[in-house]
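Residue-level structural notes
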Amino acid sequence: MSHSWKRAISYLSYLILLLSVLFFGLKYQHHLEIISSETFEIKGYFLFQSFFPIFIGIILAIPSIVQNFLKKGHWKVNWLRLLILGLPFIYMSTIPILYFTEIIKFDLPFSTLVWVGYFGADGSITLNSITGIIASYIVLTSIRKQTDIQ
């Protein structure tokens, strides 16, 4: 099999994986939303709503992770990228998780922005999704293999 066919199959497999996770994840989120509206138990729904975008970011980082594992060299962490870009997004995406797991029992800075959003309640769902995807993607792609120069 030629190299371009292998790449096409790998892209197609990745697409199927990504679309399957999106489809089943959103279907499960809808199921949790219905249960929470009937039982008034919202913890599971909001925890899933917070973790699901993080999982999507992990799936989006898979091609980079695979490329790094196939390289020869030693692992290197881009600390500057991780601290300047990753830390704020990690913080914003974990505020709902910290709240619902009751790990932290006080208001955190910018938590109102995450809960209410700048544009209202719908904006906070979008903000949670975007920050979760970006946070997990940045964390996973900040760890790379650097080739040894001889």
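Analysis parameters
- Residues numbered from 1 in each chain as written.
- Predicted model: local features only at pLDDT ≥ 70, side-chain atom pairs only at ≥ 80, totals over all residues.
- Heavy atoms only, no water.
- Helix = DSSP H or I, 4+ residues; strand = E, 2+ residues; numbered from the N terminus.
- Contact = heavy atoms within 4.5 Å.
- Areas by Shrake-Rupley, 256 points an atom, 1.4 Å probe, with all protein chains shown as cover.
- Core = buried A, V, L, I, M, F, W, Y, C linked by side-chain atoms within 4.5 Å.
- Buried < 20%, exposed > 50% of the residue type's maximum accessible area, 1.4 Å probe, protein only.
- pLDDT = per-residue confidence, 0-100.
- Axes fitted to C-alpha atoms, helices over the stretch in contact; angles between N-to-C directions.
- Parallel < 35°, antiparallel > 145°, perpendicular 65-115°, else oblique.
- Nonpolar A, V, L, I, M, F, W, Y, C, P; charged D, E, K, R; others polar.

1. Section: the overall build of the protein
- Counting its secondary structure elements, the protein contains 6 helices and 2 strands.
- Taken from the N to the C terminus, the helices and strands of the protein come in the order α-α-α-β-α-α-α-β.
- Partitioning the contacts of the protein with sequence separation of at least 6, the portion at a separation of at least 24 is 71%.
- Looking at the protein as shown, the accessible area adds up to about 10,500 Å², and 71% of this sits on carbon and sulfur atoms.

2. A closer look at the nonpolar core
- Counting 9 residues, the largest nonpolar core is built from Y14, L18, V21, L32, Y45, F48, F52, I56 and I59.
- Elements with a contribution of two residues or more to this core: α1 (3-39) and α2 (43-60).
- In terms of residue count, the dominant contributor to this core is α2 (5 residues).
- If near-sequence neighbours (up to four positions away) are discounted, F48 is found in contact with G25, Y28, Q29, L32 and P53.

3. What about the confidence of the model for the protein?
- In the predicted model, the protein carries a mean pLDDT of 83, and the fraction of residues at 70 or more is 85%.
- Across the protein, element-level confidence peaks in α1 with a mean pLDDT of 90 and bottoms out in helix α5 (residues 111-116) with 60.

4. Focus: unusual backbone geometry
- Located in the positive-phi region is F40, a residue other than glycine, with phi close to 65°.
- Looking at the element boundaries, F40 is found in the loop between α1 and α2.

5. With respect to the packing of α1 against α2
- It is the contact of α1 with α2, at a shortest axis distance of 10 Å, that shows an interaxial angle of 175°. Taken as axis vectors, α1 and α2 run roughly antiparallel relative to one another. Residues Y14, L17, L18, V21, L22, G25, L26, Y28, Q29, L32, E33 and S36 of α1 lie in contact with α2, whose contacting residues are G44, Y45, F48, Q49, F52, F55, I56, I59 and L60.
- Taken together, the residues of the contact of α1 with α2 sort by class into 15 nonpolar, 5 polar and 1 charged.

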